[in-house]
Amino acid sequence: MKLFILLIAVGFLKTASAQDGYGSTSVYDRVVQFPKGKRLYKLPPLQVWDHQPWKDSVYRFPSFQEGRLEMDKGFTPSFRPMLNYNFFTGSIQILAPDGTKTHLKRSEEIKAVWIGTHKFIYDQTVGYLEIIVAGKASLALRTSLDGLYELSNGFKYSLNNSTDLTKSAAIRENRYYWVNEQFYLVSEKNKIMRATKSSLSKLLPKVKKQIKEYSSMNDINYMKKDDLIKITTYANEQAASLN
């Protein structure tokens, strides 16, 4: 009897893990729901993202802007390509005169990429980061897409943004994506850490007391962009005044 039950259970697991052809799905995966207050980008079955009506909405800027590369040797090439950051693919794209788009090849020789007046750096672990407050402790924004896929039975499962290999493929499930923002602090030596009160104080230890007092007096929420800009700007000003 126990053997019979075990065989049924094994059969159920195999069936569940193979439904709709999405090989990574199993009964052990956590069922999720749509996020609240987020714009969803739907990718229908057997379709690819760059054929969708929203394909131009997943760029950082409304249009491609003149860009430049800042190299690690301290020079800037005279070439000024038209660039934009695509947070669906997590890449910086180049717009050619004929309208075709290609990905900017990552290189250790590139220290920073400028798109208009906006500076981007690349970290192998995190990806592209946009510097939104420059200083001894720079505040950086990582914009990416989180997502989920939906099976024919209505169950929804998370797509891991860092390992999602289906973005450029046509698969049999509905996929839904939404914009996710994460904030980081970047030291003068390009050490990167998540933006928190403790990490800001760690990067600017001489103004740790001022950071604590300002955060308390202004009810700083380290999860909110505007608050992070305020406290990072203030902390850098305080640090600069000590020089």
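Note that the coordinates shown come from a computational prediction; the quantities given were computed from them, not determined experimentally.

### Notes on helix H3 (residues 208-217)
An α-helical turn contains 3.6 residues, so any two residues separated by three or four positions project in the same direction. By the burial criterion, the buried members of H3 are Ile-211, Tyr-214 and Ser-215. Axial view of H3: buried residues confined to an arc of 100°, hence all on one face. H3 presents Lys-209, Lys-212, Ser-216 and Met-217 as exposed residues on the side facing more than 90 degrees away from its buried surface. Against helix H2 (197-203) and helix H4 (225-241) lie the buried residues of H3. Looking at the residues trailing H3, positive phi occurs at Asp-219, about 50°.

### Observations regarding the nonpolar core
Core analysis: the biggest nonpolar cluster contains 27 residues, and Val-58, Ile-92, Val-113 and Ile-115 have the highest contact counts within it. Looking at this core, the elements with two or more residues in it are strand E1 (41-43), strand E2 (65-71), strand E3 (82-86), strand E6 (110-115), strand E9 (137-150) and strand E10 (156-159). Setting aside chain neighbours within four positions, we find Ile-115 in contact with Phe-61, Gln-65, Glu-66, Gly-67, Leu-83, Asn-84, Tyr-85, Ile-92 and Phe-120.

### A closer look at the packing of aromatic side chains
Enumeration over the complete set of coordinates arrives at 12 aromatic pairs. Linked through ring pairs, Tyr-41, Trp-49, Trp-54, Phe-88 and Tyr-177 together constitute an aromatic cluster. One residue, Arg-194, lies across the ring of Tyr-184, its end atom 5.2 Å from the ring centre.

### Observations concerning the pattern of salt bridges
All chains considered together, the criterion is met by four salt bridges. The salt bridge partner of Glu-150 is Lys-156, with a shortest N-O separation of 3.4 Å. The exposure classification of Glu-150 matches that of Lys-156, with both residues buried. Salt bridges sharing partners connect three or more residues here, namely Lys-55, Asp-56 and Lys-101.

### Section: the environment of Glu-109
Within the element layout of this structure, Glu-109 appears in the loop between strand E5 (101-103) and E6. With 40 residues separating them along the chain, Glu-109 and Leu-69 place their C-alpha atoms 9.8 Å apart. In this structure Glu-109 touches Glu-70, Met-71 and Asp-72, once residues within four positions along its chain are discounted.

### Describing the confidence of the model for the protein
Averaged over every residue, the pLDDT of the protein is 86; residues scoring 70 or more account for 84%. With pLDDT under 50 throughout, residues 2-28 is counted as low confidence; its partners more than four residues away or in other chains account for 31 contacts.

### Quick notes on the environment of Lys-42
Inspection of the secondary structure puts Lys-42 in strand E1. Given a relative accessible area of 37%, Lys-42 falls into the partly exposed group. Residues Lys-42 and Gln-52, spaced 10 residues apart in sequence, show a C-alpha to C-alpha distance of 8.5 Å. If near-sequence neighbours (up to four positions away) are discounted, Lys-42 is found in contact with Gln-52, Trp-54, Asn-174, Arg-175 and Tyr-176.

### Brief notes about the environment of Pro-81
Residue position: Pro-81 is located in the loop between E2 and E3. What makes Pro-81 buried here is its relative accessible area of 7%. Residues Pro-81 and Gln-93, 12 residues apart in the sequence, show an inter-C-alpha distance of 9.6 Å. Beyond its immediate sequence surroundings of up to four residues, Pro-81 is in contact with Gln-65, Glu-66, Gly-67 and Ile-94.

Cut-off values and rules
- Residues numbered from 1 in each chain as written.
- Predicted model: local features only at pLDDT ≥ 70, side-chain atom pairs only at ≥ 80, totals over all residues.
- Heavy atoms only, no water.
- Buried < 20%, exposed > 50% of the residue type's maximum accessible area, 1.4 Å probe, protein only.
- Helix = DSSP H or I, 4+ residues; strand = E, 2+ residues; numbered from the N terminus.
- Arc of directions from axis to C-beta.
- Contact = heavy atoms within 4.5 Å.
- Core = buried A, V, L, I, M, F, W, Y, C linked by side-chain atoms within 4.5 Å.
- Phe/Tyr/Trp six-rings, centres within 6.5 Å; stacked < 30°, edge-to-face > 60°.
- Lys NZ or Arg CZ within 6 Å of the ring centre and 35° of its normal.
- Salt bridge = Lys/Arg side-chain N within 4 Å of Asp/Glu carboxyl O.
- pLDDT = per-residue confidence, 0-100.

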